[in-house]
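# Topology and contacts: notes
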Amino acid sequence: IAALVNQRQGKYFALVGPRSQVRINAQSLSDMVPDIAQRDIYLCGPESFNELITRAAERLGVQPDRVHHELFSF
C-alpha cells in the first residue's frame, strides 16, 4: 500500500500499536489530513472503528455521503 501511495505522490500514515496507545480522533485526523472536509474517506474494519472514524470525520465537516466503509468482525 505504501508503494502505491508513493507512486501517486500521496501521504501514507502507519498507525501501529494498540488503540490504548495509538489514538485516532478528530484532532489526529485533522493533523494528518488538514483538508479532510474536501476528501472522501474509505474505511475497512470492525464496526466500533468505523463508527469512531465516521463520527470524527463528521465533526471535521466531512459530508456523510463521502464516508465509504466495509465492516468486518472478529
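No experiment lies behind these values; they were computed from the predicted model shown.

Assigned secondary structure in the protein consists of 3 helices and 2 strands. Counting from the amino terminus, the protein carries its helices and strands in the arrangement α-α-β-α-β. Expected size for 74 residues packed as a compact globule is a radius of gyration near 11 Å; at 13 Å, the protein falls within 12% of this value. With respect to the three principal axes, the spread of C-alpha positions in the protein is 30 × 25 × 25 Å. The 74 residues of the protein split such that 23% are buried. Of all intrachain contacts in the protein linking residues separated by at least 6 positions in sequence, the fraction that spans at least 24 positions is 63%. Carbon together with sulfur atoms contributes 51% to the accessible area of the protein, which is approximately 5,800 Å² in total. Of the charged side chains in the protein, 8 are positive and 8 negative, and the gap between their average positions amounts to 6 Å.

With phi around 60 degrees, glutamine 9 is a residue other than glycine that occupies positive phi space. Tracing the backbone through its elements, the reader meets glutamine 9 in the loop between helix H1 (2-7) and helix H2 (26-32).

The pLDDT averaged across the protein works out to 90; a share of 99% of its residues lies at or above 70. When mean pLDDT is taken per element in the protein, H2 scores highest with 94 and strand S1 (residues 41-45) scores lowest with 87.

Conventions adopted
- Residues numbered from 1 in each chain as written.
- Predicted model: local features only at pLDDT ≥ 70, side-chain atom pairs only at ≥ 80, totals over all residues.
- Heavy atoms only, no water.
- Helix = DSSP H or I, 4+ residues; strand = E, 2+ residues; numbered from the N terminus.
- Rg over C-alpha atoms; globule rule 2.2 N^0.38 Å.
- Buried < 20%, exposed > 50% of the residue type's maximum accessible area, 1.4 Å probe, protein only.
- Contact = heavy atoms within 4.5 Å.
- Areas by Shrake-Rupley, 256 points an atom, 1.4 Å probe, with all protein chains shown as cover.
- Lys, Arg positive; Asp, Glu negative; His and termini not counted.
- Charge placed at Lys NZ, Arg CZ, Asp CG, Glu CD.
- pLDDT = per-residue confidence, 0-100.

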